[in-house]
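Chain residues, written in single-letter form:
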Amino acid sequence: MIEAEHLTKYYPPPFRGFFDLGSLRDFLGKPREEIPALIDLSFRVREGEIFGLLGPNGAGKTTLCKIANGLLEPSSGKLLIDGHDSFREHGKVAGEMFTVFTGERDMWGIFQWRLSVQRNLQFIARLWKVPEGEIGERIEYALKLLNLWEKRDEWYQKLSAGMKQKVYIASALVVRPKYLILDEPTVFLDVITKSEIHDAIMALVRDFGTTVILTTHDLSEAEKLSDRVLLFNKRPILEGKPEEISRKLEVDFDRKVLLVVEGSAPCPGGYLVRCIRKGNFTHVTAYLKSGEVNEFLSRFPSGKVLSARVENLSLEDVFMILFGS
Ligand SMILES: Nc1ncnc2c1ncn2[C@@H]1O[C@H](COP(=O)(O)OP(=O)(O)OP(=O)(O)O)[C@@H](O)[C@H]1O
């Protein structure tokens, strides 16, 4: 079981040297405020479940994964893995855990660029003490499941970014850890690769009873994979089954419109809209229903609109609408 108890992490303000006024002030007098990353986060992950930690950019997802891996010490509170403190007693659980750190774009850190995919996976299998007689069969299973079998003799360096990310997930399938921590495992990937990785994660849980912590800022990914979800933004916001979270996050809007308008444009009334003047331009952000977009655009003189972009809502936008942050 994995349990977070009032987990809190503040980073010190960055030290840029004594010639930086802020850093000098920290040294001489009243220090600047520390940077909050996690505040009083408590949750419990049961054996064999996928627990989704859903949060926008900067919510603290990677910080939590680093604490789980003993790479960071919490400022207060603790994270317990099988009853062991993840930072102080990391050695007792390290062999039971595997982490995929894609959220930090450090996805290539553990692989040798000029070794084949297969040799890399053999190396990782031995590091995690997979029985020698099982290594070949596990690698074949993992690579076939992820459509990478044809690439087994390719240098790791020659794979596309998406394939490299799949090799990272394949490592987890080879190790078959008791606990798998996935830090945004499908960020930057196309839908097909995403779905292959989703299938692999579900296979690990179904066939080998792995317990998974999945961090993501993708609501639909959390919904598809997780048994339970904790929505957080440094602090906990909501915890529940994915469908309960989605229901609570439902907003009346489905489009975000971004405009740059020449000069000073008055903000049209009757919409959830923000207009910010920057130099000779006004930057307009509006949240709308899809049927309202044309009407909204017609409120601005077309000659004055320098650029217009219409996007689907991201989790960050939903946060903005619901919580105004
Ligand atoms: N080494 C660091 N020093 C100072 N502040 C940091 C450090 N690492 C992270 N932070 C800050 O802590 C907060 C949480 O960052 P973290 O990277 O854990 O969030 P995240 O949810 O993984 O974000 P993203 O989705 O953008 O990867 C952010 O405000 C970030 O700026």
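Cut-offs and rules
- Residues numbered from 1 in each chain as written.
- Predicted model: local features only at pLDDT ≥ 70, side-chain atom pairs only at ≥ 80, totals over all residues.
- UniProt positions renumbered as here; feature names shortened; annotations may be inferred.
- Helix = DSSP H or I, 4+ residues; strand = E, 2+ residues; numbered from the N terminus.
- Contact = placed C-beta atoms within 7 Å.
- Pairing = 2+ DSSP bridges.
- Near = placed C-beta within 6 Å.
- Nonpolar A, V, L, I, M, F, W, Y, C, P; charged D, E, K, R; others polar.
- Expected span 1.5 Å × (residues − 1).
- Buried ≥ 20, exposed ≤ 12 C-beta atoms within 10 Å, placed from the backbone.
- Core = buried A, V, L, I, M, F, W, Y, C linked by C-beta atoms within 7 Å.
- Domains from an automatic or database assignment.

An unreviewed UniProt entry annotates the protein chain as ABC type transporter ATPase 2 originating from Thermococcus cleftensis. Looking at the protein chain in UniProt, the text filed under Sequence similarities (unreviewed entry) is "Belongs to the ABC transporter superfamily."

K.L.:
Even after reading the chapter, I still don't get the overall build of the protein chain, so can you show me in this structure?
P.N.:
Across its full length, the protein chain carries eleven helices and 14 strands. Dimensions of the protein chain, computed from C-alpha atoms along their principal axes, come out at roughly 70 × 55 × 40 Å. Residue pairs in contact within the protein chain that sit at least 24 positions apart in sequence constitute 71% of those at least 6 positions apart.

K.L.:
What am I meant to see in the sheet that holds strand S1 (residues 2–11) here?
P.N.:
Picture the strands of a sheet paired through backbone hydrogen bonds; they go either parallel or antiparallel. Spatial strand order, S2-S1-S4-S5: four strands in an open sheet with antiparallel pairing. Two strands lie at the open edges of the sheet, namely strand S2 (35–45) and strand S5 (84–85), each paired on one side alone. When strand S4 (residues 76–81) meets S5, the two strands line up antiparallel, connected through two bridges. Note that in S5 the partner of Ile81 across the bridge is His84.

K.L.:
What is the right way to read the site of the ligand from this model?
P.N.:
Taken together, 13 residues form the shell around the ligand, and within it Tyr11, Ala37, Lys61, Thr62 and Thr63 come nearest. Where the shell around the ligand is concerned, the elements lending two or more residues are S2 and helix H2 (61–68). Looking at which element gives the most residues to the shell around the ligand, the answer is H2, with three residues. Tallied by class, residues from the shell around the ligand come to four nonpolar, eight polar and one charged.

K.L.:
Could you clarify how one ought to interpret helix H5 (residues 132–145) in this entry?
P.N.:
Residues spaced three or four apart along an α-helix point in a common direction, a consequence of the helix completing one turn every 3.6 residues. A rise of 1.5 Å per residue sets the reference length of H5, with its 14 residues, at 20 Å; its end C-alpha atoms lie 21 Å apart and thus fit the reference within 8%. Taken together, the buried positions of H5 are Ile139, Ala142 and Leu143. The inward-facing, buried residues of H5 contact helix H4 (117–127) and helix H6 (161–175). Count one or two residues on from H5 and you reach Asn147, which has phi positive near 55 degrees.

K.L.:
I keep staring at the nonpolar core and nothing clicks. Help me out?
P.N.:
In a soluble, globular protein the nonpolar side chains are often hidden away together inside. One finds Ala170, Val174 and Ile213 to be the most contacted residues of the largest nonpolar core, which totals 62 residues. Here this core takes eight residues from H6, the largest share from any one element. In this structure, Ala170 is in contact with Leu121, Ala142, Leu143, Leu146 and Leu148, ignoring residues within four places of it in sequence.

K.L.:
Looking at this structure, how should I read the pairing of strand S13 (residues 281–288)?
P.N.:
For a regular strand, side-chain orientation follows a simple rule: the groups alternate between the two sheet faces. Across eight bridges, strand S11 (residues 255–262) lies against S13 in antiparallel orientation. Counted as the bridge partner of Glu262 is Phe281 from S13. Of the pairings in the sheet, the one linking strand S12 (residues 272–278) to S13 comprises seven bridges and is antiparallel in character. Bridging from a neighbouring strand, Val273 pairs with Ala286 of S13.

K.L.:
Can you help me understand the environment of Asn280 in this one?
P.N.:
Along the chain, Asn280 falls in the loop between S12 and S13. C-alpha of Asn280 to C-alpha of Leu72: the two residues are 208 residues apart in sequence and 45 Å apart in space. Discounting chain neighbours no more than four positions away, the residues touching Asn280 are Glu262 and Gly263.

K.L.:
Sorry if this is basic, but what is going on with the domain arrangement of the protein chain here?
P.N.:
Here the domain parsing of the protein chain yields domain 1 (2–247) and domain 2 (250–323). Distance from the C-alpha centre of domain 1 to the C-alpha centre of domain 2: 35 Å. Taken residue by residue, the interface counts seven residues in domain 1 and four residues in domain 2. Here the residues of the side of domain 1 that touches domain 2 sort into two nonpolar, four polar and one charged.

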